[in-house]
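Here is what each chain is made of, one letter per residue.
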Amino acid sequence: DARVTQTPRHKVTEMGQEVTMRCQPILGHNTVFWYRQTMMQGLELLAYFRNRAPLDDSGMPKDRFSAEMPDATLATLKIQPSEPRDSAVYFCASGEPTGSHHNEQFFGPGTRLTVL
Amino acid sequence: SQQGEEDPQALSIQEGENATMNCSYKTSINNLQWYRQNSGRGLVHLILIRSNEREKHSGRLRVTLDTSKKSSSLLITASRAADTASYFCATENRGGSNYKLTFGKGTLLTVNP
């Protein structure tokens, strides 16, 4: 049963610390997304990659956030330095678009981040 | 920015009743999708309807799309307590980046046993 996995599931850290979240997309999926979900803003797209190349990171605060795909099996989202307003659930999703027929995205369980 | 806006924000019904959720959007789309999120979990894809389709069924789900009104509805028939979740619509916008989805803020559905 192929699934997107994310680590850690929960992270509590202090303001100013570096946070790294990891995602393993479903094997064979060529597109990976990072989302942030909060009560106030809902689900926001931060960045996404296709074939490991960044396509759009316009939703991401560039001064403190960075996203990479070191290889096809790992995507990372890093916050440095973290701030209390970064507290949210961060989701990774992957998919393999084939024209307009298979456009669904498969979500991981999320990383719940709390910055004190 | 939010493209899809779900209505209502919250809905509470009894088991066995039907639940209808609506979604409105602003720009032209390639397709519209509905996702479900159980508390503390990731989103799960339910159904996709393309811009040239008007209605689609999947089990107890029925989705309609009216591109002239830029709106969609999700109907869950014969609801069960296990249907309790948040439901989100998401649009893939025409002319935008392929495969990028914009999500609404969701409808919280509670089905009481």
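Refer to the structure above for everything that follows.
Reading guide: rules and limits
- Residues numbered from 1 in each chain as written.
- Chains lettered and ligands numbered in written order.
- Predicted model: local features only at pLDDT ≥ 70, side-chain atom pairs only at ≥ 80, totals over all residues.
- Heavy atoms only, no water.
- Helix = DSSP H or I, 4+ residues; strand = E, 2+ residues; numbered from the N terminus.
- Rg over C-alpha atoms; globule rule 2.2 N^0.38 Å.
- Contact = heavy atoms within 4.5 Å.
- Lys, Arg positive; Asp, Glu negative; His and termini not counted.
- Charge placed at Lys NZ, Arg CZ, Asp CG, Glu CD.
- Salt bridge = Lys/Arg side-chain N within 4 Å of Asp/Glu carboxyl O.
- Buried < 20%, exposed > 50% of the residue type's maximum accessible area, 1.4 Å probe, protein only.
- Pairing = 2+ DSSP bridges.
- Axes fitted to C-alpha atoms, helices over the stretch in contact; angles between N-to-C directions.
- Phe/Tyr/Trp six-rings, centres within 6.5 Å; stacked < 30°, edge-to-face > 60°.
- Buried area = accessible area lost by both parts, 1.4 Å probe.
- Polar contact = N/O pair within 3.5 Å; in protein donor to acceptor, adjacent residues only side chain to side chain.
- Nonpolar A, V, L, I, M, F, W, Y, C, P; charged D, E, K, R; others polar.

Draft legend 1. Quick peek at the overall build of chain B. The helix and strand tally for chain B stands at zero helices and 11 strands. Ordered by position from the N terminus, the helices and strands of chain B form the series β-β-β-β-β-β-β-β-β-β-β. Relative to the 2.2 N^0.38 estimate, which gives 13 Å for 113 residues, the radius of gyration of chain B is 13 Å and therefore close to what a compact globule would have. Here the C-alpha coordinates of chain B stretch approximately 45 × 30 × 20 Å along the principal axes. At a minimum sequence separation of 6, the contacts of chain B that also span at least 24 residues come to 56%. Here chain B contributes 14 positive and 10 negative side-chain charges, whose respective centroids are spaced 6 Å apart.

Draft legend 2. Highlighting the pattern of salt bridges. In total, this model carries 11 salt bridges over all chains according to the counting rule given. In this structure, Arg-64 of chain A and Asp-86 of chain A form a salt bridge, with 2.6 Å as the shortest nitrogen-oxygen distance. Within this pair, whereas Arg-64 of chain A is found in the loop between strand S6 (53-56) and strand S7 (65-71), its partner Asp-86 of chain A is found in the loop between strand S8 (74-79) and strand S9 (88-95), the two being separated by 22 residues in sequence. Judged on exposure class, the residue Arg-64 of chain A and its partner Asp-86 of chain A are both buried. Between Asp-83 of chain B and Arg-36 of chain B there is a salt bridge, and its shortest N-O distance comes to 3.9 Å. In this pair, Asp-83 of chain B is assigned in the loop between strand S8 (71-76) and strand S9 (85-93) and Arg-36 of chain B in strand S4 (residues 29-37), connecting sequence segments 47 residues apart.

Draft legend 3. Summary view of the sheet that holds S8 of chain A. Residue and element names in this part refer to chain A. Strand order across the open sheet formed by four strands is S1-S3-S8-S7, with antiparallel pairing between neighbours. Of all strands in the sheet, those bounded by a partner on one side alone are strand S1 (5-7) and S7. Looking at each pair of strands side by side, their axes are set apart by 20° on average, direction ignored.

Draft legend 4. Quick peek at the packing of aromatic side chains. Tallying each qualifying case throughout the model produces eight aromatic pairs over all chains. Considering the side-chain rings of Phe-91 of chain A and Phe-107 of chain A, the 6.2 Å spacing of their centres and the 75° angle between planes classify their relative orientation as edge-to-face. Here Phe-91 of chain A is found in strand S9, whereas its partner Phe-107 of chain A is found in strand S10 (residues 106-107), with 16 residues between them in sequence. Taking the relative accessible area as the measure of exposure, Phe-107 of chain A reaches 10% and is therefore buried. Of the aromatic side chains, those joined through ring pairs into one cluster are Phe-33, Tyr-35, Tyr-48, Phe-91 and Phe-107 of chain A together with Tyr-35 and Phe-103 of chain B.

Draft legend 5. Geometry of the interface of chain A and chain B. Counting residues at the interface gives 28 residues for chain A, matched by 21 residues for chain B. Contact between chain A and chain B buries roughly 1,800 Å² in total, counting both sides, with carbon and sulfur atoms accounting for 49%. Joining chain A to chain B, the criterion identifies one salt bridge. Here Lys-100 of chain B ties to Asp-56 of chain A by a salt bridge, and the two come within 2.8 Å at their closest N and O atoms. Here chain A and chain B share four residue pairs in polar contact (both at pLDDT 80 or more) between them. Elements supplying a minimum of two residues to the side of chain A that touches chain B: strand S4 (31-38), strand S5 (42-50) and S9 of chain A. Here the side of chain A that touches chain B takes five residues from S5 of chain A, the largest share from any one element. A class-by-class count of the residues in the side of chain A that touches chain B yields 10 nonpolar, 13 polar and five charged.

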